Each structure stands twice: as C-alpha cells, then as structure tokens.
Amino acid sequence: MALAVLCLSQDSSYLSDSPFFARLFSNERVTAADHFQDVCLVKFDISGSGIMYSPGDVLMVQPSNRFDLVDDFLSLLQLDPTKQFYLQSNDPDVTVPSLLPKPCTVRYAVEHYFDIAGMPRRYFFELLAFFASSELEKEKLREFASTEGQEELFSYCYRPRRTTLEVLEDFPGVGQVVPFEYLFDLIGPIQPRAFSIASSLMVH
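These figures come from a predicted structure and were not determined experimentally.

Reading the values: the criteria
- Residues numbered from 1 in each chain as written.
- Predicted model: local features only at pLDDT ≥ 70, side-chain atom pairs only at ≥ 80, totals over all residues.
- Heavy atoms only, no water.
- Helix = DSSP H or I, 4+ residues; strand = E, 2+ residues; numbered from the N terminus.
- Buried < 20%, exposed > 50% of the residue type's maximum accessible area, 1.4 Å probe, protein only.
- Contact = heavy atoms within 4.5 Å.
- Patch = residues over 30% accessible without salt bridge, like charges linked within 9 Å, V, L, I, M, F, W, Y side chains within 5 Å.
- Areas by Shrake-Rupley, 256 points an atom, 1.4 Å probe, with all protein chains shown as cover.
- Salt bridge = Lys/Arg side-chain N within 4 Å of Asp/Glu carboxyl O.
- Axes fitted to C-alpha atoms, helices over the stretch in contact; angles between N-to-C directions.
- Parallel < 35°, antiparallel > 145°, perpendicular 65-115°, else oblique.
- Left-handed = near helix turned anticlockwise from the far one by under 90°.
- Nonpolar A, V, L, I, M, F, W, Y, C, P; charged D, E, K, R; others polar.

**Q** Help me out: how do you make sense of the overall build of the protein in this one?
**A** Helix and strand counts for the protein come out as eight helices and seven strands. Reported as C-alpha extents along the three principal axes, the dimensions of the protein are approximately 65 × 45 × 30 Å. Looking at the protein as a whole, 36% of its 204 residues qualify as buried. For the protein, the proportion of contacts with a sequence separation of at least 24, taken over those separated by at least 6, is 64%.

**Q** Could you clarify how one ought to interpret helix α3 (residues 122-131) in this entry?
**A** All of the buried residues in α3 are Phe124, Phe125, Leu127, Leu128, Ala129 and Phe131. Against the buried residues of α3 lie α4 (135-145), α5 (150-158), α6 (164-170), α7 (172-175) and α8 (183-186).

**Q** Where do I start with a nonpolar patch on the surface in this structure?
**A** On the surface, Val30, Val39 and Leu41 cluster together into a nonpolar patch covering about 220 Å² of accessible area. Secondary-structure assignment places valine 30 in the loop between β2 (20-29) and β3 (40-45).

**Q** Can you help me understand the packing of α3 against α4 in this one?
**A** Working note: a packed helix pair is described by the angle between its axes plus the distance between those axes. Between α3 and α4, the shortest axis-to-axis distance is 8 Å and the interhelical angle comes to 150 degrees. Considered as vectors, α3 and α4 are oriented roughly antiparallel to each other. Where α3 crosses over α4, the handedness of that crossing is left-handed. Counted together, Arg122, Phe125, Glu126, Leu128, Ala129 and Phe130 of α3 and Lys138, Leu141, Arg142, Phe144 and Ala145 of α4 form the full contact between these two elements. In the contact of α3 with α4, the residues fall into seven nonpolar, no polar and four charged.

As structure tokens, then:
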C-alpha cells in the first residue's frame, strides 16, 4: 500500500505538490482493545528520501478512497474506469493538480483525487441542480442551495455527516448525466491528514 507522505519540517524538500511516496511498513494499535481511544503506531519506509525529522514534527498523509466506495461511485455515475484523460485548466488563476498523472484514468481520479467520502459544499447542490432533468430532484437540490433552505440542508447533510457519494445515491437521476469534466467543479479534492511524529532519527 503506497501513501503520499510529506514532512512539514522547515528543511523538507517534499511539499504538497511534490510529496515523497512512502510504503507503509506497519500499523500497530498501542492502546488496549477495550480502550475508548484507538491510538496506532504507524511506521513508513522512507529509505532514500533524505527526510530529516524530530519528535513533534508533523507528517502529512494523503489518503485514498476505499475500493468499494470507488466501485459504487463509478457504477452510480456509469463511468468507464479505464478511460484516460488529460486535465487542462481553463482559468489562468487555477492550477492543474500536480498529483494526477498525465494521462490519468477515471478510476485513478476517483480513487486518489475526488473526496467522495467527504461532505459536499453548498455549491455542490447548486451545480447538481443545474444538471438535474427530474423536476423533483431539481426542486429539492435548489432548495438545499438556497438561503432559505440552509436549515433543511443542515438536517439532511451536515448533521448526519452525509457524504458526497451518499447524496448522489439519494439523487440517482442527476448523477448519471453530470459530464465527467464537471466533477472537478462539483467535488473537492481529498485533503491530506496531519499526524505527529513520535519517533527520532537518533533511535530509528
């Protein structure tokens, strides 16, 4: 399992747009099985990276979507996972994500870029309503995107922490007609997660 890892120490040459891809070495739970906190000691192989770190430094890990969620998303939107594409920016102020390969497959983008397990933004419902052909779906999506519908949107989406994929499953008609290129406007990227480094180079 390969993860994109970058160190935030000041002398690190690995940043968000040029991370070091490290292999997961081990993932060991250090708290008791019946303890309410699930604290794990995760070890990565950073051989050859030249990364320097000290205890307390922050490590950023770039996660990916689960395979089953990726398959559900591809099936729901009727996307060809093997289709390749080149991503180009049509706005000089917007840069193309550097972590996407060129060319990139649809499956790779869904697995490693689109945050389908995250909660959608308000703009998601506004843009989704634009593509909806069902009047029932369009009306509901517009309501969620409106100022007056924010309380209902909170109850439907944000309170239960409903994911982008789950919302699309609730509105199956519109998901199938959204052009693939608009997914980059519709769904935000997966954000890296921050973890504290508990080891020292003097020991390891």
